[in-house]
Each structure stands twice: as C-alpha cells, then as structure tokens.
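Below, each chain spelled out in residue letters.
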Amino acid sequence: ELKKQITRIRLGIFRLVSVRVVGVPINQAYDVLTTAALVANLLVAFAGTYENAAARYGGLFSQVERWTVLVFAVDYVLRLLTARYEYPRGSELHALRKYVFSFWGIVDLLSFLPYYLPVVFPGGASAFRMFRVARIMRLFRINAYYDSINVITDVIVGRRQQLLSSVFIISVLMLASSLCMYSVEHEAQPQVFSNAFSGIWWSAATLLTVGYGDIYPITRLGKIFGIIISFLGVGVVAIPTGIISAGFVEQYDRMKRIGEMGLEADLHFIKLRLHRDDPWVGKELAELGLPHGAIVAGIQRGGGTIVPRGQIRLQSGDVLVIGAEPLQSKHDKPIALKEVVLKKNHPWVGEKVQDIDISRQTLIILLKRRGKSMVPKGNLVLMEGDKLVLSSRGTRSV
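Residues numbered from 1 in each chain as written. Predicted model: local features only at pLDDT ≥ 70, side-chain atom pairs only at ≥ 80, totals over all residues. Heavy atoms only, no water.

K.L.:
How should a nonpolar patch on the surface be read in this particular structure?
P.N.:
Among the surface-exposed residues, W67, L70, V74 and Y116 lie close enough to one another that they form a single nonpolar patch of about 380 Å² accessible area. Looking at the nonpolar patch, the element that brings in the most residues is helix α3 (residues 51-81), giving 3 residues. In this fold, Y116 is placed in helix α6 (residues 103-120). (Patch = residues over 30% accessible without salt bridge, like charges linked within 9 Å, V, L, I, M, F, W, Y side chains within 5 Å. Areas by Shrake-Rupley, 256 points an atom, 1.4 Å probe, with all protein chains shown as cover. Salt bridge = Lys/Arg side-chain N within 4 Å of Asp/Glu carboxyl O. Helix = DSSP H or I, 4+ residues; strand = E, 2+ residues; numbered from the N terminus.)

Structure representation (structure tokens):
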C-alpha cells in the first residue's frame with residue numbers, strides 16, 4: 001500500500017512538471033511559476049548590466065536571482081524523481097541516466113548549477129558564469145502551450161532533409177567562393193584577404209545578403225566575381241526560405257483538412273492500452289499497417305498527449321485513440337453490442353466460457369478483466385467483476 005501511494009505521488013509530480021499536461025489548474029500554476037521565475041531571472045540579469053541600476057538595486061537583484069535559481073534547482077530535482085515516467089522503458093537507473101544526459105536534462109542542470117558552483121569551487125566561479133545563458137533555452141518549453149509555435153517545429157522536422165540539402169549547397173558554394181575570392185584578391189590586398197578564412201567571412205556576408213562592407217574586392221576580376229556571387233546568394237538563400245514557406249502552407253492546409261473532416265465525418269473512436277507483451281510495443285506507428293479507414297488520432301503517454309507521426313515508436317503503457325468510420329450506408333447491417341458486468345451472484349461467475357448458457361444469436365467478442373482486454377477462449381473461467389462485450393441480433397461468426 002505504501003509503494004502504491006509513493007507511485008501515485010510520483011506520477012502526480014510528473015504530471016505537475018510536465019508541460020504536456022495543461023488541463024489541471026495546479027499544473028498550469030506550476031508552469032506559470034517556473035516561467036515567471038525564468039523571465040524574472042533574465043530581466044534581473046539584463047538590468048544588472050547597467051551600472052546605475054546595479055548600484056541602486058543590487059541587493060534586490062541578488063535576492064531575485066537567489067530565489068529564481070532555487071526554483072530551477074527544485075524543478076530539476078522533481079524531474080529526477082519522475083524520470084521513470086518520462087522514460088518508462090528500462091530500469092530506474094536507465095531512466096535517470098537518459099534524463100541527466102539528455103539535451104533538456106543538461107539545460108536544466110545548467111539552469112542552476114553555475115549559481116551554486118562557486119560555493120564549492122570559489123576559484124573557478126568566473127569560468128562557469130557563461131553557462132547561465134543556458135537558462136534562456138528553457139523558454140522553448142512554452143511551445144507546449146501554443147500550437148502556432150509547434151507548427152514551426154513540425155515544419156522544420158518534417159522538412160529536415162530538404163533543409164539539410166539546402167544548407168549543404170550553401171556551404172559548398174560559400175567554401176568555393178571564398179577560395180576563389182582569396183585567390184583573386186590576395187595579391188592586391190594581402191592584409192585584408194590574408195587567408196582562406198577571410199574569404200569565408202566575405203562569402204558569408206555576401207551570400208547571406210548581410211553586406212557588412214569590412215571586406216570587399218578591389219580588383220576588376222574580384223568585383224565581377226563578387227557580382228556573380230551576390231546574384232547566386234539571392235537565389236541560394238531563398239531555397240530554405242521557400243522550403244519553410246511551402247511547409248507552413250502544407251501544414252496549415254493539413255490542419256484545415258483535419259478540421260473539416262472532423263465536422264463532416266462523424267468518426268467513432270476507441271481507446272486501446274498497450275501492454276508489455278502486445279505485438280505493437282516497440283514498433284513505429286508507420287509499421288502497424290492499420291486497415292484503410294482506421295487512423296490513430298492520438299497517443300496518451302505519461303499523462304500527456306502525443307500527436308501521432310509515423311516515426312513515433314510505441315511503448316508499453318501507451319493508450320492509442322483509434323478512429324474509424326461509423327456504419328452509415330443504408331446497406332450496412334447494424335451490429336448491436338452491449339457490455340455485461342458480472343456481479344458476485346451472477347450465474348456465469350466460476351463457469352467456463354464454453355459452458356455458459358447463452359443464446360446462439362449472441363457471441364462474447366471481448367472480455368475485460370482488471371483493465372486488461374482478453375480474448376474469450378472457451379476454457380477461460382469467468383470471474384466476479386469481469387466485463388463481457390456481447391454481440392447479438394443474428395451476427396454470425398465466420
């Protein structure tokens with residue numbers, strides 16, 4: 001009983017620190033608290049760069065920083081305690097290790113460690129001061145509250161191959177143009193184009209249309225080459241912009257189609273919880289091979305909801321929300337389903353499925369026991385509390 005209570009408390013803490021659970025007031029209050037602490041910490045750090053403000057309000061800035069960093073430290077400890085639910089596969093130590101060495105785990109650690117580290121290592125305090133900037137990364141957790149910001153992430157992830165290709169093209173063009181410009185301009189201005197890196201700086205400023213003007217060609221051949229590179233830069237840099245723009249349009253069209261589908265098609269949804277021995281555990285969503293007309297509308301994991309994408313790998317304990325078209329055609333034969341809960345004195349309790357007195361027009365198609373769905377085999381003994389899903393009205397087994 002104590003172990004169950006501890007598990008329940010840890011699960012509640014996980015839902016508290018997880019920004020994916022936004023429907024509970026206390027969870028939202030915690031997210032507001034941590035976000036406000038971060039914003040206050042950043043404002044104090046910004047204001048502290050002004051000498052007059054630091055001299056006048058230095059004590060207040062120190063107190064704000066002390067308490068906000070304490071919030072970061074407590075948040076990190078809570079996430080360590082609930083890492084098991086963030087990474088349910090594997091042991092407790094494995095989950096802790098995955099969180100500690102994950103990207104967000106490192107960011108969380110650097111959110112408060114540089115503040116307390118000078119206490120332990122006074123001589124190295126200044127060396128770790130720069131890591132406080134890592135706290136800014138925590139602002140990206142606000143993405144969970146705004147679908148419009150999540151669209152940006154979805155587009156970048158979905159078009160990552162095209163974006164990487166465009167970045168590769170830009171890098172190759174930048175390297176080639178820098179070497180060419182260095183070869184052309186080195187003799188004319190050796191102090192400006194002193195090495196290949198000077199050419200890279202010039203090509204970056206030109207291709208990315210920044211144009212600082214600190215390095216520029218003075219020879220006729222160099223100027224002609226600079227004009228060509230400038231034209232190429234306008235076209236090449238527009239490639240990733242076009243990819244992202246097209247991705248936005250496609251994503252919003254997809255969301256619009258999903259919304260219209262929800263209005264026009266009355267989909268029916270079911271919930272299916274995966275257990276450790278289920279064949280879908282460990283498979284990616286795209287590998288399930290669902291029949292035409294059935295879709296996975298959502299995945300509930302660890303108190304949050306995951307948008308289903310093909311590369312998501314299913315885990316034990318996931319709850320799949322599956323949608324399918326209802327029986328709408330006039331030629332469709334209705335199937336009557338009903339659920340029977342076996343009470344203590346029910347005559348079927350203690351009987352095998354094959355021995356119970358049931359009409360030939362009625363079939364037991366599903367048995368639920370302690371939250372787990374089971375196939376009603378003939379030698380299965382029914383128990384008190386079992387839920388039977390019955391199909392009747394002339395439905396025949398094939």
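K.L.:
Can you walk me through the side chain of T82 in this structure?
P.N.:
Relative to the assigned elements, T82 resides in the loop between α3 and α4 (83-86). In this structure the side chain of T82 is engaged in a polar contact, spanning 2.9 Å, whose partner is the backbone oxygen of L78. If near-sequence neighbours (up to four positions away) are discounted, T82 is found in contact with R10, I13, F14 and V17. (Polar contact = N/O pair within 3.5 Å; in protein donor to acceptor, adjacent residues only side chain to side chain. Contact = heavy atoms within 4.5 Å.)

K.L.:
How do you make sense of the pattern of salt bridges when you look at a structure like this?
P.N.:
In this structure the tally under the stated criterion is 5 salt bridges. Here E92 makes a salt bridge to R10, at a shortest N to O gap of 2.6 Å. With E92 in helix α5 (residues 92-100) and R10 in helix α1 (residues 2-17), the pair connects residues that are 82 residues apart, well separated along the chain. By relative accessible area, R10 is classed as partly exposed at 21%. Close ionic contact of R301 with D318 constitutes a salt bridge, the shortest N to O distance being 2.7 Å. Linking R301 in strand β2 (residues 294-301) with D318 in the loop between β3 (304-306) and β4 (319-324), this pair joins segments that are 17 residues apart in sequence. (Buried < 20%, exposed > 50% of the residue type's maximum accessible area, 1.4 Å probe, protein only.)

K.L.:
Explain helix α2 (residues 25-47) here, please?
P.N.:
Count 3.6 residues to each turn of an α-helix, and residues three or four apart come out pointing the same way. For α2, spanning 23 residues, the distance from its first C-alpha to its last is 32 Å, which sits close to the expected 33 Å at 1.5 Å a residue. Within the sequence span of α2, burial applies to N27, Y30, D31, T34, A37, L38, N41 and V44. Close packing links the buried residues of α2 with α1 and α3. (Expected span 1.5 Å × (residues − 1).)

K.L.:
When you look at the packing of aromatic side chains in this model, what are you seeing that I'm missing?
P.N.:
The way to describe two aromatic rings as a pair is by their centre distance and the angle between their planes. Overall, the coordinates contain 4 aromatic pairs when judged by the stated rule. Consider the rings of Y57 and F61, whose centres lie 6.4 Å apart with planes at 40°: the pair is tilted. With Y57 and F61 both in helix α3 and 4 residues apart, the pair spans about one turn of that helix. Among the residues examined, Y57 registers a relative accessible area of 38% and is labelled partly exposed. (Phe/Tyr/Trp six-rings, centres within 6.5 Å; stacked < 30°, edge-to-face > 60°.)

K.L.:
Honestly, the packing of α1 against α2 in this entry has me stumped. Any pointers?
P.N.:
Two quantities define a packed helix pair, namely the angle between the helix axes and the distance between the axes. Where α1 contacts α2, the two axes come as close as 8 Å, and the packing angle between them is 55°. Taken together, the axes of α1 and α2 lie oblique to each other. Each of R15, L16 and V17 in α1 lies in contact with α2, whose residues at this interface are I26, N27, Y30 and D31. Per-class residue counts for the contact of α1 with α2 are 4 nonpolar, 1 polar and 2 charged. (Axes fitted to C-alpha atoms, helices over the stretch in contact; angles between N-to-C directions. Parallel < 35°, antiparallel > 145°, perpendicular 65-115°, else oblique. Nonpolar A, V, L, I, M, F, W, Y, C, P; charged D, E, K, R; others polar.)

K.L.:
Before we go on, may I ask you to explain the side chain of R369 in this structure?
P.N.:
Along the chain, R369 turns up in strand β6 (residues 363-369). Within the local environment of R369, its side chain forms a polar contact with the backbone oxygen of V381, the two atoms lying 2.8 Å apart. Here D386 takes part through its side chain, which lies 2.7 Å from a polar atom of the side chain of R369. Here R369 is in contact with M374, L380, V381, L382, M383 and D386, once residues within four sequence places are set aside.

K.L.:
What exactly am I supposed to notice about the environment of M374 here?
P.N.:
With respect to the secondary-structure elements, M374 resides in strand β7 (residues 372-374). For M374, a relative accessible area of 24% puts it in the partly exposed group. Measuring from C-alpha to C-alpha, the distance between M374 and L388 comes to 9.8 Å, with 14 residues separating the pair along the chain.

Nothing here speaks to function; it is geometry throughout.
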